[in-house]
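Chains, contacts and geometry: an overview
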Amino acid sequence: MKPAAASLVDTGTVCRHLAIIMDGNGRWAKARRLPRIAGHREGVEAVRRVVEAAPGLGLEVLTLYAFSSENWKRPPDEVTDLMGLLKHYVRSEIEALHRNDVCLDFIGDWRALKPDLVQLLEDARARTAGNRRLKLVMALNYGGQSELVRAAQRLATDVAAGQLDPDAIGLDALESRLDTAGMPPPDAVLRTSGELRLSNFLLWQSAYAEFLVTDTLWPDFDGPALARSLDEFARRERRFGGR
Ligand code: IPE
Ligand code: IPE
Ligand code: MG
C-alpha cells in the first residue's frame, strides 16, 4: 500500500510559516471612492479573519507585513491613521488573542515607534508570550535591509567585545542576530493585490520561500482565500537546490 500523507511532509509541502505582504488597502478604498483610511480599516478586519482561520489550516507562524520602514514616505496623515489603527487593533484584540492561545510578537525596528505604542506592544508581547497555538508576528517599521544592517552591527559589537571570532561567523551567527531569531523561515510569502515584488520583506528569510500571489485586494481577503493560497502551496514542488 502506498504511504499516504507522510509523503507530503517529506517533500516539505506543509506550510508551517506563512508570511503575508498585505497590500491593496488603498486600491480597495479608491474603487469605492472612499478615503484610504477606509481601506486600512477594512484591512484590519481581514487581519482578524485570517488570524482566526490560520491555526485550523495548519499554520504555526503567521507573519504580517503591517508597516514597512519605507512607509514613512507616505503623507503624515496616513502614517498617523496607520499607527492609530495598529494601536486600536492591539488594544481591542489582545484579550481574544490570549484566549485563543495566540502568541503575539513583532519584528522590525518597532522599539523606535512612539513610546506609548511601544509600551502597548511590550505589554501585549509579555501577556501572550506563553501561548502556543499560533505565533502571530507583526512586521512593524520593518525593512529587510535595515534588519540585516542591525544584525551586522550586533556581529561587529560582539567581535569588538572579544566575544566572537570573525572566522566563526557563519549562517547561524548572522541568523541568530536577525529579528526572526528562533523562528522557522517562511515556507511561503503571499502578496495580495497582484504586485510582483518583495518590497524589502524578509530578504534573508525568504531565500527558499515559495512565492504566492493573488489579485484579491487585502480588505477582501478571508479564511477561504487563505485556504486556496495554501492549496496552491501544497501543489508546489520544493527543491532547495537539490534535484
Ligand atoms: C497596504 O495597502 C497597507 C500598507 C502598506 C500599510 P496599501 O496602502 O499599500 O494599498 P495600495 O497598494 O495603495 O492599494
Ligand atoms: C509593502 O507594501 C508594505 C506593507 C504591506 C506593509 P507597499 O504598498 O508599501 O509596497 P510598494 O510601495 O508598493 O512596493
Ligand atoms: Mg501598496
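These numbers were taken from a predicted model, which means no experiment stands behind them.

Topic: the site of ligand 2
- Taken together, I21, M22, D23, Y65, A66, F67, S68, N71, R74, R191, R197 and S199 are the residues near ligand 2.
- Taking D23, its side chain carries an N or O atom lying 3.2 Å from an oxygen atom of ligand 2.
- Isolated, ligand 2 exposes 390 Å² of accessible area, and the fraction of that covered by the protein chains is 78%.
- More than half of the atoms belonging to ligand 2 lie within 2 Å of the grid points that define the largest pocket.
- When residues in the shell around ligand 2 are grouped by element, the largest group, four residues, is from strand 2 (residues 61–68).

Considering the packing of aromatic side chains
- In this structure the tally under the stated criterion is seven aromatic pairs.
- Judged by centre distance (4.8 Å) and plane angle (70°), the ring pair of F67 and W72 falls under edge-to-face.
- Using a relative accessible area of 40% as the deciding quantity, one classes W72 as partly exposed.
- Geometrically, the ring pair formed by F106 and W110 is tilted, given 5.3 Å between the ring centres and 50° between the ring planes.
- Judged by its relative accessible area of 2%, W110 falls in the buried class.
- In textbook terms, an aromatic cluster arises when at least three aromatic residues are bridged by ring pairs, as seen for Y65, Y142 and F201.
- Between the NZ or CZ atom of R32 and the centre of the ring of W28, over which it lies, the distance is 4.0 Å.

Quick notes on the site of ligand 1
- Around ligand 1, the neighbouring residues are M22, D23, G24, N25, G26, R27, R36, H40, A66, N71, R74 and L82.
- In this structure, an oxygen atom belonging to ligand 1 sits 2.8 Å away from a side-chain N or O atom of R36.
- One of the side-chain N or O atoms of R74 is found 2.7 Å from an oxygen atom in ligand 1.
- Surface burial for ligand 1 is 86%, taken as the share of its 380 Å² of free accessible area covered by protein chains.
- At a threshold of 2 Å from the grid points, most atoms of ligand 1 map onto the largest pocket.
- Of all the secondary-structure elements, those providing two or more residues to the shell around ligand 1 are helix 2 (25–31) and helix 3 (36–53).
- Top contributing element to the shell around ligand 1 by residue count: helix 2, with three residues.
- Partitioned by chemical class, the residues of the shell around ligand 1 number three nonpolar, five polar and four charged.

Conventions used here
- Residues numbered from 1 in each chain as written.
- Chains lettered and ligands numbered in written order.
- Predicted model: local features only at pLDDT ≥ 70, side-chain atom pairs only at ≥ 80, totals over all residues.
- Heavy atoms only, no water.
- Near = heavy atom within 4 Å.
- Polar contact = N/O pair within 3.5 Å; in protein donor to acceptor, adjacent residues only side chain to side chain.
- Areas by Shrake-Rupley, 256 points an atom, 1.4 Å probe, with all protein chains shown as cover.
- 1 Å grid on protein atoms, 1.4 Å probe; cavity = no way out; pocket = protein on both sides within 12 Å on 5 of 7 lines; lining within 4 Å.
- Sits in = over half its atoms within 2 Å of the grid points.
- Helix = DSSP H or I, 4+ residues; strand = E, 2+ residues; numbered from the N terminus.
- Phe/Tyr/Trp six-rings, centres within 6.5 Å; stacked < 30°, edge-to-face > 60°.
- Buried < 20%, exposed > 50% of the residue type's maximum accessible area, 1.4 Å probe, protein only.
- Lys NZ or Arg CZ within 6 Å of the ring centre and 35° of its normal.
- Nonpolar A, V, L, I, M, F, W, Y, C, P; charged D, E, K, R; others polar.

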